[in-house]
Amino acid sequence: MKRLLRSPTAVTGGVLLLLVVVASVAAPLLAPADPVKPSFGRRLQPPRLLGGASAYALGTDNLGRDILARLLYGGRVSLVLAASAVALAATAGVVVGLAAGILGGRLDDFVMRLADVQLAFPVIMLAIAIVAVVGSSPAALVSVLALSGWVLYARTVRANVLTIRRLEYVEAARTLGASELRVILRHILPNTLAPILVIGSSQFATMVLLESGLSFLGLGIQPPQPSWGAMLAEGRDYLSNAWWLATVPGMAISLVVLGANLLGDGLRDVLDPRL
Amino acid sequence: MGTLPLSRRRFLAGSGAALAAAARPGAAAAQGRRGEIIAGLSERMLTLDPANHYSISSTSVLRHVYDPLVDVTNDDRFVPALAETWRPLNNTTWRFTLRRGVSFHDGTPFTADSVVFTLKRVRDNTKLIKSFVYQDIEDVQKDGDHAVTVTTKRPFGSLPAHLTMLGMLPPSAGANDEAFFQKPIGTGPFRFGSWTHGDHIDLVASPKYWKPGIPRVEKLTFRFIPELSTRVSALRAGEIHVIDRVWPDMVQTLKGTAGVKVLDTPALEAQRWHFQLARDPVKDLRVRKAISLAIDRNVIIKDLLLGYARPVVCPVPPGLLGHTNLGQKPYDPEKARQLLKQAGASNLSLDFVLMKDLYPKQLEIAQAVAAMLGEVGVKVNIRNLEIATAREQRTAGNYDLFFSGWAQMPHDPDWYFGQWFTKTGAEKLTRFSDPRVEQLIADGRVPDPKVRQQKYEEIDRLLWEEEPEIWPYYTVAIYAISDKLRNFEARRDYYVLLHEVGIA
Amino acid sequence: MPGDPAKMLLPEGAPQSAVDELNRHLGLREPLWIQYGLFLRSVARGDFGQSFQYRSPALRVVVERLPATIQLAATAMLLTVLFGVSIGVVAAVRQGTAYDYAGTVLAVLGQSLPNFWLGIMLILLFGVTLRWLPTSGFQGWTYLVLPSVTLAAFPTALVARLTRSSLLEILGQEYIRTGRAKGLAEPVVVLRHALKNATIPLLTVIGLQIGTLLGGAVITESIFAWPGMGKLVVDAIFFRDFPVVQTILILSATIFVVINLLVDVLYTILDPRIRYG
């Protein structure tokens, strides 16, 4: 932990993420206006912070709502959904990947072909099918998102395991009588951490976008409640005459991804046993 | 056909010279054809078979390859195409006399056999999408090579209107449907070139079209570009010459682009959000009236649609048979609250179902409506669903209010009334049922336009009182074109018709 | 899957009798398992059925999209490998310098900018304002530039980050230090030894991205009116055009299996220690 606090990358990343999370949690205190109530006379005002001439720090949207307020409230939804989806996908993917890589054989073949077939299914179709079976709920949404993301981890971890378990020091540990579980936990898992962190941080943005893409299945957040993904989607048709509608939530997502990337880099440096 | 206050609002693009040329048929022929026009349509064309779709973009494209018996002008007059005249012999018999000297692209002459074949095909082949409309046809008989008599099982006053959408096929098409529509022929101003499904279709001028001086270009390409911003960009970059279905918010940008013109015209379309009339609480007339009173239609028209919409004064839009001015619906939230109180409806919560991405700005408008109804204490749950799911939900009756619109195809309100306001038509949709309206619709099917107008005005009044739907606004159709186009007409029916259009 | 193909084909105000009649013609009144059995039987004979929406053979509708799909995916893949690996290598070798941070920022943008944002901005800049490149459509190589850049942004960023992190890991290992100690030139160390060992996780991710690029370019395809398979399948799903959906599923599942088998084979070539048994 001390080493983590001494890494400037990790600290910057951590502070960024913390800021975003705190801002979202404190949305009711920070938001300058109601995020849902339209005011028609004040549509599409450009953001003051980015050179606009309006009274709104981040401008107003197509219904005259304060974008800053929507961003803060939207963060609550998007952060929770995307983070839990990434966590679920990563956990499932890592477990499956480790199992396939270490046990090999039939299980490996089966899991990897299953992954291929699953990738061939468009996410939207999976989502429609899941909604048809279990109905629409936040939990269903998170499982659809996670289902769309686990393969990347599974295949990466498996590939890493295949390389690492043949490395000399791992072989040596095994010869010295370390149990298989110990080998996995001490040697293999830490070594696969780097790619997992990279994939996880980049997947966050994908999940936020996907969340908005799935809202029409009744899965996501229905308007007028804001989420970053929904804000992006609403801004899409205004990109040529009111660019800030989609750009502001895009920047918020970039900030989170940047924070996650930096924190991930720092974590990797700290956890890597050889550095 | 009622008053036509809007018929003067025809928007003709192009120079005075081009207009003069258009007024003198034959003048353009002397100049010869030249150039190529590329149009960008919002909706993908799905088939080359004129009897197998009810899509506006397919109707637009296929009108260039096939001619119908009857054409319709932008001020809703029915004019001769392949039929020179038509008249009802009695309530269930129509007689058409056909144009002479017309031939298909392969040189075979167009005769009464083509009409008999085309009409019997669409009636008998129930696989075809248009088949259900023509089930009322009893028989089609030719009377020599250039006249046809159509008898119907019940009065079919809207038959000429329906025929504006049905291109005539050569009888040889019957031998092998699939092979024919690989490379179809018609009598239209353009021949079929090639088609990549969902992407674009190429047409080339037919050298011997029966209307002199037409077409005015050598080649015509329709590209299918559903993404609005892409359509707009392609036009602004000069890659295409005309686009349809422009949103109000894009008008400013387009008007500021050199070489681009924006045209608009009131469309033959009323937005209509229908209630599930068998469901509590909206089956109570007072609740429906309250909801109607709580919606400020002017805010939607002025602030959200930037004036590109018109207030509704009748379920049937102006210009069409059956229109009459009943005055605008008032906005009165105070009265709405009173009515809700009278109805004993407190803590109302409504499901407002939308079909994803179907109507411009629908999500914005629905949110505005939710806020307006919130003011009178009605909570609105917006459910923006994928189209197939939304329609499934409607069939199952799981909605209170459904966001929809009705473009009056084919320039006749019989379909709208017959579908939505008869018991059998509406039983899986809105659950509307009213014997008075049902009788008036049946009486209004006769060919006599005076009788029809009178019956339809009565229906209008009944519906206006019952409020089975909210009619928030009439749509305005917005097109953008390159200033090189000559003689382009912004159509009220959303058709993009280019056979008389030239390019500089 | 809920939803009714006949209802999607017919206009909104078609009577229920017409819906029922059309479903009968489409063969959708049979029980589901019979429909599926019939479908499998005809697929075995090479017949994938008729597309409901286009009323043409489903296979033809799908195959028509293949050239555009493959061109776009291949170009985007090329850009991804080229730029992703180079940015990653530079960032790793120059760890902690301005190059490294610039690489990070670029990668973050690539990962977090939505496709449609990048696509529309590129169209407005290069298509509308500068008029250097066509805005949309599929006619020649100039039409490929903007969509492939848009499509490549995300995988490039991912590959750059992965290259950087994998390389950093390996550069710290003993045999590399040994190589350096033996006096090998730094480029040789990085390119010959380190990069080769970093390829395995990279290869996996790239293999997976190929699939995504082939069938998952939905937004890029609609922004650029690109006649590819991603948009086709999504439209087919919304339309309940089951024959087209099934055809694409069979096709893309095959492509996935083949690509990932190839990747597995490449593992063993690149790293002979990996064996399957």
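It should be emphasised that the depicted structure is a prediction, and the values quoted were computed from it without experimental measurement. (Residues numbered from 1 in each chain as written. Chains lettered and ligands numbered in written order. Predicted model: local features only at pLDDT ≥ 70, side-chain atom pairs only at ≥ 80, totals over all residues.)

Enquirer: I'd like a rundown of the overall build of chain A, residues and numbers included.
Expert: Across its full length, chain A holds eleven helices and zero strands. In sequence order, the secondary structure elements of chain A are arranged as α-α-α-α-α-α-α-α-α-α-α. C-alpha atoms of chain A, sized along the principal axes, occupy 75 × 50 × 30 Å. A buried classification covers 53% of the 275 residues belonging to chain A. (Helix = DSSP H or I, 4+ residues; strand = E, 2+ residues; numbered from the N terminus. Buried ≥ 20, exposed ≤ 12 C-beta atoms within 10 Å, placed from the backbone.)

Enquirer: Outline the overall build of chain C, listing residues and values.
Expert: A count of helices and strands for chain C gives 13 helices and zero strands. In chain C, the succession of helices and strands from N to C terminus is α-α-α-α-α-α-α-α-α-α-α-α-α. For 277 residues, the compact-globule estimate of 2.2 N^0.38 gives 19 Å, and chain C exceeds it by more than 25% at 24 Å. On the principal axes, the C-alpha backbone points of chain C span a range of 80 × 60 × 30 Å. Across chain C, every contact between residues at least 6 apart in sequence was considered, and the portion connecting residues at least 24 apart equals 69%. (Rg over C-alpha atoms; globule rule 2.2 N^0.38 Å. Contact = placed C-beta atoms within 7 Å.)

Enquirer: Report on the interface of chain A and chain C, specifying residues and quantitative values.
Expert: Facing 43 residues of chain A, the contacting portion of chain C comprises 42 residues. The set of elements that each furnish at least two residues to the side of chain A that touches chain C consists of helix H5 (105-120), helix H6 (123-134), helix H7 (138-164), helix H9 (180-213), helix H10 (228-236) and helix H11 (244-271) of chain A. Residue composition of the side of chain A that touches chain C, grouped by class: 27 nonpolar, eight polar and eight charged. (Nonpolar A, V, L, I, M, F, W, Y, C, P; charged D, E, K, R; others polar.)

Enquirer: Account for the environment of A:Phe110, naming residues and giving values.
Expert: All names here are of chain A. Relative to the elements of secondary structure, Phe 110 occurs in helix H5. A tally of 11 C-beta atoms within 10 Å means that Phe 110 is categorised as exposed. Between the C-alpha atoms of Phe 110 and Ala 100, which are ten residues apart in sequence, the distance is 8.8 Å.

Enquirer: Describe the interface of chain B and chain A, with residues and values.
Expert: Each side of the interface is counted separately: chain B has 20 residues, and chain A has 18 residues. Counting only elements with at least two residues in the side of chain B that touches chain A, the list comes to helix H7 (228-236), helix H8 (248-255), helix H10 (297-304), helix H12 (362-375) and strand S15 (378-385) of chain B. The leading source of residues in the side of chain B that touches chain A is H12(B), at six residues. A class-by-class count of the residues in the side of chain B that touches chain A yields nine nonpolar, five polar and six charged.

Enquirer: Any chance you could break down helix H6 (residues 98-112) of chain C for me, citing the residues and the numbers?
Expert: Between the first and last C-alpha of H6(C) there are 21 Å, a value that for 15 residues agrees with the 21 Å anticipated at 1.5 Å per step. Along H6(C), the residues classified as buried are C:Gly103, C:Thr104, C:Ala107, C:Val108, C:Gly110, C:Gln111 and C:Ser112. (Expected span 1.5 Å × (residues − 1).)

Enquirer: Describe the pairing of strand S7 (residues 147-152) of chain B, and please don't skip the residues or the numbers.
Expert: All names here are of chain B. Taking every second residue as pointing to the same face, the buried face of S7 carries Val 148, Val 150 and Thr 152, while none of Ala 147, Thr 149 and Thr 151 on the other face is buried. Note that strand S6 (residues 137-142) and S7 share five bridges and pair antiparallel. Each residue of the ladder has a partner; that of Val 140, found in S7, is Val 150. Connecting the antiparallel pair S6 and S7 is a turn made up of four residues, with Gly 144 showing a positive phi of about 80 degrees. (Pairing = 2+ DSSP bridges.)

Enquirer: A description of the sheet that holds strand S5 (residues 93-98) of chain B should follow, citing residues and the corresponding values.
Expert: Residue and element names in this part refer to chain B. On the basis of which strands lie adjacent, the open sheet formed by four strands has the order S4-S5-S7-S6 and antiparallel pairing. Since the sheet does not close on itself, it has two edges, and those belong to strand S4 (83-90) and S6, each with one partner. Averaged over all adjacent pairs, the angle separating strand axes in this sheet is 20 degrees, with direction ignored. (Axes fitted to C-alpha atoms, helices over the stretch in contact; angles between N-to-C directions.)

Enquirer: I'd like a description of the environment of A:Ile164, backed by residues and values.
Expert: Residues and elements named next belong to chain A. In this fold, Ile 164 is placed in helix H7. By C-beta crowding, Ile 164 is classed as partly exposed, having 19 other C-beta atoms within 10 Å. Sequence separation between Ile 164 and Leu 189 is 25 residues; the distance between their C-alpha atoms is 9.8 Å. Dropping the residues within four chain positions of it, Ile 164 is found in contact with Val 170, Ile 188 and Asn 191.

Enquirer: Tell me about the packing of H5(A) against H7(A), and please be specific about residues and values.
Expert: Residue and element names in this part refer to chain A. Between H5 and H7, the shortest axis-to-axis distance is 10 Å and the interhelical angle comes to 150 degrees. When you trace H5 past H7, the crossing you get is left-handed. Between H5 and H7, the contacting residues are Ala 115, Gln 118 and Leu 119 on the first element and Val 151, Ala 154 and Arg 155 on the second. For the contact of H5 with H7, the residue count by class is four nonpolar, one polar and one charged. (Left-handed = near helix turned anticlockwise from the far one by under 90°.)

Enquirer: Account for the nonpolar core, with residues named and values stated.
Expert: Membership of the largest hydrophobic core comes to 319 residues, with the highest contact counts inside it found for A:Tyr153 and B:Leu354. A per-element tally of this core places helix H4 (residues 67-103) of chain A first, with 17 residues. Inspection of this core shows a minimum of three residues originating in each of domain 1 (8-221 + 484-503) and domain 2 (267-476) of chain B. Not counting chain neighbours up to four residues away, the residues in contact with A:Tyr153 comprise A:Ala89, A:Ala90, A:Gly93, A:Val94, A:Gly97, A:Ile196 and A:Ile199. (Core = buried A, V, L, I, M, F, W, Y, C linked by C-beta atoms within 7 Å. Domains from an automatic or database assignment.)

Enquirer: Any details on the environment of C:Val159? Residues and values, ideally.
Expert: Residue and element names in this part refer to chain C. On the secondary structure map, Val 159 appears in helix H8 (residues 142-171). In this structure Val 159 comes out as buried when scored by C-beta crowding, with 27 C-beta atoms within 10 Å. On a C-alpha basis, the gap between Val 159 and Ile 259 in space is 18 Å, while along the polypeptide they are 100 residues apart. With near-sequence residues (within four places) excluded, Val 159 lies in contact with Thr 80, Gly 84, Val 85, Gly 88, Leu 202, Val 205 and Ile 206.

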